[in-house]
2 protein chains.
Amino acid sequence: MSDDSQVKSLARALQVLECFSVEQPELGPSEIARMLGMQKSTVYNILSTFQKCGYLVKNPQTSKYYLGLKVLHLGYIVNSHHGLRDMFLPYLNRIAAETREVCYFGILDGSEVLYIESTYPSQQQQTRNILGERAPLYCTGLGKVMLAYMPEEDVERVLSGRLKAYTGCTLTDPNVLRDHLEEIRRNGYATDNMEHEYGIRCVAVPVFNAAGKVFAAVSVSGPSPRFDPETIINDARIISSILQPLQHCI
Amino acid sequence: MSDDSQVKSLARALQVLECFSVEQPELGPSEIARMLGMQKSTVYNILSTFQKCGYLVKNPQTSKYYLGLKVLHLGYIVNSHHGLRDMFLPYLNRIAAETREVCYFGILDGSEVLYIESTYPSQQQQTRNILGERAPLYCTGLGKVMLAYMPEEDVERVLSGRLKAYTGCTLTDPNVLRDHLEEIRRNGYATDNMEHEYGIRCVAVPVFNAAGKVFAAVSVSGPSPRFDPETIINDARIISSILQPLQHCI
DNA sequence: GACGGCGTTTGGTAATACTGAACACTTATA
DNA sequence: TATAAGTGTTCAGTATTACCAAACGCCGTC
């Protein structure tokens, strides 16, 4: 595992690939070279190789590059291998229908929530793809409920990191958060009181694997006025009962 | 664009990445080295670099590698950039509900259909993720209806390729297919009479971009007995009318 | 206990990826 | 209109480094 057993040019190339984002889906050699402090021509060679292999596509209008459809296929293999989405989707649909709220399914990936799927109470309703989106653990319902059931050392690593305040409601004091996690464990579910986004409240329930460790969570969320204490308890109960057959079996 | 302006080590590394598939989601250095005719230690270095960057994960049980969650994020960016899934999903939900059949949405990618999304008539119904799956053009409803509206030279390139018979119903004679495409253009929709999978029939309608070129298609499919001639015409009409607002606007 | 499989480590050399400058081109400023 | 600053692209030389090959330790089986 020594550093010189790594292919440095590949690591550099992957850095280039990671410059592409939702905010900046199209980039040229100069932009990337500036972002990474690399040579323009070096970036160019990397880009044109990715293009030749189908991972990047060149926009002939702008001469810039964007991520190609080939990466979708890789994502498909991942999903198929994990199989989580397919396994959970029918349950998520039921949760959205019975709570009449938008339902989210996310898994624990390092110190972030990785969103896998969302479902909606009505089929006609406008929806959007969230696969691949990420959010912090400490300020989202999904994240906090996973944090509450994670090993202490992992929790401390998260709490000792930067706790950015996304809204005025975000809990950024590690001590307050520790007490809050204790309360979540008592309740068996977490709430998100507009800690990540203004006006959005949510209720989240953990999902445990066969080894008894939390690895995912399911939430319903919506406009804050709808989420009074009674609704929250009721929704948590609905989610828990629907997810029951999936607990401790993966 | 000469071949030596490419980063060869990157191209090799991407070859390694492409060895992973739905059928073989977990691979070790020896297996990959055999598949590609490369040196075992070379592959090992590439694998461990991908691992360090998060694109591969090592299974500690087997010491083999599998695709990590990071590639999902790249897929998310692609989707967000293209935005097709989000744009089409509400319409696909309506199509599934009104035809009471499973609805598929695929786009043209080279000489294949790339499936983007599927929707189901009932929300509770079991469903599966198809994003990233691919199928040939000449023997699927989605593929044939796109083929019917593609430029002649592209059609000929597909027809001159290998036309594998997936079932006894698959059309493998280029001349028969040419006539068949003419018929599809007359009808405005394509049918798939168990040409790709036994027992499955389907109806597919093309989607055109602002430049008037076909770039995607939508189909409904199901068990063959349900698809009598009358139902087919009716379903085609339903799909066309629901998709109407999306035609020629992308 | 020898063999064959695996993933991993190592050193030396031949391949090659990066540097840096120049190119052709567009856009915007003077 | 001329200049300047930006872009993507090309090219040669050099210093990096990625690959080859063999050996390692480990786990099975024969």
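Data block above holds the structure.
Residues numbered from 1 in each chain as written. Chains lettered and ligands numbered in written order. Predicted model: local features only at pLDDT ≥ 70, side-chain atom pairs only at ≥ 80, totals over all residues. Heavy atoms only, no water.

(A) Focus on the sheet that holds strand β5 (residues 112-119) of chain B. All names here are of chain B. Read across the sheet, six strands follow the order β6-β5-β4-β9-β8-β7 without closing on themselves; strand pairing throughout is antiparallel. Looking along the sheet, the strands with just one partner apiece sit at the ends: β6 (134-136) and β7 (190-193). Averaged over all pairs of adjacent strands, the angle between strand axes in this sheet comes to 30°, irrespective of strand direction. On the sheet, helix α5 (residues 84-99) packs against β4 (102-109), β5, β8 (200-208) and β9 (214-223) and is oriented at approximately 65° with respect to β5. (Pairing = 2+ DSSP bridges. Helix = DSSP H or I, 4+ residues; strand = E, 2+ residues; numbered from the N terminus. Axes fitted to C-alpha atoms, helices over the stretch in contact; angles between N-to-C directions. Contact = heavy atoms within 4.5 Å.)

(B) Here's a closer look at the pairing of strand β3 (residues 64-67) of chain B. Residue and element names in this part refer to chain B. By the bridge criterion, two bridges tie strand β1 (residues 26-27) to β3 in an arrangement that is antiparallel. Bridging from a neighbouring strand, Leu-27 pairs with Tyr-65 of β3. Where strand β2 (residues 56-59) lies against β3, four bridges are found, and the strand directions are antiparallel. Bridge assignment links Val-57 to a residue of β3, and that residue is Tyr-66. Taking the residues between adjacent antiparallel strands as the criterion, β2 and β3 are bridged by four residues, where Ser-63 takes a positive phi near 60°.

(C) Structural context of the protein's contact with DNA strand C. Surrounding DNA strand C, one finds 20 residues, the nearest of these being A:Arg12, B:Ser30, B:Arg34, B:Tyr44 and B:Lys58. Per the 4 Å cut-off to the protein, sugar and phosphate atoms form 75% of the nearby atoms of DNA strand C. A:Arg12 is positioned such that a nitrogen or oxygen atom in its side chain is 2.6 Å from a phosphate oxygen of DNA strand C. B:Pro29 places a main-chain nitrogen or oxygen 3.5 Å from a phosphate oxygen of DNA strand C. Here the residues of the surface near DNA strand C sort into five nonpolar, ten polar and five charged. (Near = heavy atom within 4 Å. Polar contact = N/O pair within 3.5 Å; in protein donor to acceptor, adjacent residues only side chain to side chain. Nonpolar A, V, L, I, M, F, W, Y, C, P; charged D, E, K, R; others polar.)

(D) Structural detail: the packing of helix α1 (residues 8-17) of chain B against helix α3 (residues 40-52) of chain B. Residues and elements named next belong to chain B. Two elements in contact, α1 and α3, have axes whose closest approach is 10 Å; the angle formed by their N-to-C orientations is 80°. By the criterion of interaxial angle, the relationship of α1 to α3 is roughly perpendicular. Two secondary-structure elements touch here, α1 through Ala-13, Val-16 and Leu-17 and α3 through Val-43, Ile-46, Leu-47 and Phe-50. When the residues that make up the contact of α1 with α3 are grouped by side-chain class, the tally is seven nonpolar, no polar and no charged. (Parallel < 35°, antiparallel > 145°, perpendicular 65-115°, else oblique.)

(E) Geometry of helix α2 (residues 29-36) of chain B. All names here are of chain B. For α2, the set of buried residues is Pro-29, Ile-32 and Ala-33. The buried residues of α2 all sit within an arc of 100° when viewed along its axis, so they share a single face. Considering only its buried residues, α2 is in contact with α1, β1, α3 and β3. Trailing α2 by a residue or two, Gly-37 shows a phi angle of about 70°, which is positive. (Buried < 20%, exposed > 50% of the residue type's maximum accessible area, 1.4 Å probe, protein only. Arc of directions from axis to C-beta.)

(F) Summary view of the relation of the copies chain B and chain A. With an RMSD of 0.1 Å, chain B superimposes on chain A once it is rotated by 180° and translated 0.0 Å along the axis. Given the turn and translation reported, the copies of this chain are related as if by a two-fold rotation axis. (Least-squares fit on C-alpha atoms with pLDDT ≥ 70 in both.)

(G) Main features of the packing of aromatic side chains. All names here are of chain A. Following the criterion strictly, the structure yields eight aromatic pairs over all chains and no others. Summarising the aromatic geometry, the rings of Phe-88 and Phe-105 are spaced 4.2 Å apart at their centres and angled 20° between planes, so their arrangement reads as stacked. Highlighted residues: Phe-88 in helix α5 (residues 84-99) and Phe-105 in strand β4 (residues 102-109), separated in sequence by 17 residues. (Phe/Tyr/Trp six-rings, centres within 6.5 Å; stacked < 30°, edge-to-face > 60°.)

(H) Up close: the interface of chain B and chain A. Facing the 69 residues of chain B at the interface are 68 residues of chain A. Interface area, chain B with chain A, both sides summed: about 6400 Å², of which 63% is carbon and sulfur. If you look at where chain B meets chain A, you find two salt bridges. A salt bridge links A:Lys70 to B:Glu18; its shortest N-O distance comes to 3.2 Å. Applying the counting criterion to the chain B and chain A interface returns seven residue pairs in polar contact (both at pLDDT 80 or more). Secondary-structure elements contributing two or more residues to the side of chain B that touches chain A are α1, α3, β3, α4 (70-82), α5, β4 and β5 of chain B. Among the residues making up the side of chain B that touches chain A, the classes are represented as 33 nonpolar, 24 polar and twelve charged. (Buried area = accessible area lost by both parts, 1.4 Å probe. Salt bridge = Lys/Arg side-chain N within 4 Å of Asp/Glu carboxyl O.)

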